[in-house]
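In case you want the letters, here they are:
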Amino acid sequence: MKLIAINSSQNMETSVSGELVEFFADSFAGEFGNDQVKTRNLVDASPPHLNQDMVAAYFTADDQRSEAQQQTLAFSDELVDELIDADVIVIGAPMHNFGIPSSLKAYIDHVVRAGRTFNYTDSGPKGHLTGKKVFVVTARGGDYSEGSFMAAMDHQAPYLRTVLGFIGLDDVTFIHAQGLATGDESRNRAIEDAKAAITASVAALSDTTELRAA
């Protein structure tokens, strides 16, 4: 079972989402081996925002792309190949202004690609990346949980669930570390609760793998 762990925080030294993604990757490696884990930091190798040349290359048939267009798509192809190869995908997503970081949005624009991760059909778009398990680990200064007065301001989880589902990633679990800016006690409790949820999630993946092998 292979894992791709994606970080999108601008400050990995103090990042809660980064800490939690690392905890997930280490826990996963403990169950399945270090060689089954790949990490990608979207700040160290930030995907460029889409431009006219990239969009033109996306919508040019494979056998008609120029060498320059192939080079333009090389990084996007690498990102897509990582998702195709993975069985489990972990995305670290700090909340920025009620949404996701620009680096993560740019990443999404590189992997939501007609002909590679989805196709248009007579019955509507059909995602290709089915059968994978996705965990989104968020870090939020406030409490956006259901029933809270800030819940309606959460444009992070709904967007990610929608866009991931569009490319076939419809088995998504959100692990939220919320209320990080409301005091040390709340912050520490949120992080520990998130780590407990991660531990349980990795154990469940291990149990599922054992059942398939039995």
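Above: the structure in question.
Residues numbered from 1 in each chain as written. Predicted model: local features only at pLDDT ≥ 70, side-chain atom pairs only at ≥ 80, totals over all residues. Heavy atoms only, no water.

1. Quick look at the environment of His-96
Point 1. Tracing the chain through its elements places His-96 in the loop between strand 3 (88-94) and helix 5 (102-111).
Point 2. On the basis of relative accessible area, His-96 is assigned to the partly exposed category, the value being 32%.
Point 3. Considering only alpha carbons, one finds His-96 and Leu-42, 54 residues apart in sequence, at a separation of 15 Å.
Point 4. What His-96 contacts, discounting residues up to four positions off in sequence, is Gln-10 and Pro-101. (Helix = DSSP H or I, 4+ residues; strand = E, 2+ residues; numbered from the N terminus. Buried < 20%, exposed > 50% of the residue type's maximum accessible area, 1.4 Å probe, protein only. Contact = heavy atoms within 4.5 Å.)

2. Description of empty space enclosed by the protein
Point 1. In this structure the tally under the stated criterion is one cavity of 30 Å³ or more.
Point 2. When its volume is computed, the largest cavity comes out at roughly 90 Å³.
Point 3. Surrounding the largest cavity, 14 residues form its lining, Ile-91, Tyr-107, Val-111, Leu-164 and Ile-167 being those nearest its centre.
Point 4. Every element with two or more residues in the lining of the largest cavity is listed here: strand 3, helix 5 and helix 6 (157-166).
Point 5. Ranked by the residues each element gives to the lining of the largest cavity, the list is headed by helix 5, at four residues.
Point 6. Looking at the lining of the largest cavity, its residues break down into 14 nonpolar, no polar and no charged. (1 Å grid on protein atoms, 1.4 Å probe; cavity = no way out; pocket = protein on both sides within 12 Å on 5 of 7 lines; lining within 4 Å. Points joined across faces, edges and corners; volume = space filled by probe spheres on them. Nonpolar A, V, L, I, M, F, W, Y, C, P; charged D, E, K, R; others polar.)

3. Structural notes on helix 6
Point 1. Here helix 6 has its buried residues at Ala-157, Leu-160, Val-163 and Leu-164. For helix 6, the arc enclosing every buried residue in end-on projection is 140°, short of the 170-degree limit, so these residues lie on one face.
Point 2. Looking at the buried positions of helix 6, the neighbouring elements they touch are strand 3, helix 5, strand 6 (133-139) and strand 7 (172-177).
Point 3. Remark: Gly-168 follows helix 6 within two positions and exhibits a positive phi of approximately 100°. (Arc of directions from axis to C-beta.)

4. Some words on the sheet that holds strand 3
In any sheet, the strands associate via hydrogen bonds between backbone groups, in a parallel or an antiparallel arrangement.
Point 1. With respect to topology, five strands assemble into an open sheet ordered 2-1-3-6-7, the strand pairing being parallel. With partners counted over all chains shown, the strands left at the sheet margins are strand 2 (37-41) and strand 7, one partner each. On average, each strand axis in the sheet is tilted by 15° relative to the strand beside it, whichever way the strands run.
Point 2. In this structure, strand 3 lies alongside strand 6, joined through seven bridges in parallel fashion. Following the sheet pairing, Pro-94 is matched in strand 6 by Ala-139.
Point 3. In the packing of helix 1 (residues 16-32) onto the sheet, contacts are made with strand 1 (3-7), strand 2, strand 3, strand 6 and strand 7, and the angle to strand 1 comes to roughly 170°.
Point 4. Each of strand 3, strand 6 and strand 7 is contacted by helix 6, which is oriented at about 160° to strand 7, the strand it contacts most. (Pairing = 2+ DSSP bridges. Axes fitted to C-alpha atoms, helices over the stretch in contact; angles between N-to-C directions.)

5. A look at the packing of aromatic side chains
Point 1. Applying the stated criterion to the full structure yields five aromatic pairs.
Point 2. Geometrically, the ring pair formed by Phe-28 and Phe-32 is tilted, given 4.4 Å between the ring centres and 35° between the ring planes. On the criterion of helical spacing, the pair formed by Phe-28 and Phe-32 is a turn pair, its members being four residues apart in helix 1.
Point 3. Overall, the relative accessible area of 17% leaves Phe-32 in the buried class. (Phe/Tyr/Trp six-rings, centres within 6.5 Å; stacked < 30°, edge-to-face > 60°.)

6. Focus on the environment of Ala-139
Point 1. You can see Ala-139 is positioned in strand 6.
Point 2. C-alpha of Ala-139 to C-alpha of Leu-180: the two residues are 41 residues apart in sequence and 7.4 Å apart in space.
Point 3. Not counting residues up to four positions away in its chain, the partners in contact with Ala-139 are Val-16, Ser-17, Ala-93, Pro-94, Met-95, Ala-177 and Leu-180.

7. Side note on the pattern of salt bridges
Point 1. Per the counting criterion, the structure on display carries 13 salt bridges.
Point 2. The salt bridge partner of Lys-2 is Asp-85, with a shortest N-O separation of 3.3 Å. Note that Lys-2 is positioned in the segment before strand 1 and Asp-85 in helix 4 (residues 74-85), a separation of 83 residues in sequence.
Point 3. A salt bridge links Arg-189 to Glu-185, with the nearest nitrogen and oxygen atoms 3.8 Å apart. Of this pair, Arg-189 and Glu-185 both sit in helix 7 (residues 184-213), four residues apart, which is roughly one turn of that helix.
Point 4. Here Arg-189 falls in the partly exposed class, since its relative accessible area comes to 44%.
Point 5. Glu-185 sits in the exposed class, given a relative accessible area of 63%. (Salt bridge = Lys/Arg side-chain N within 4 Å of Asp/Glu carboxyl O.)

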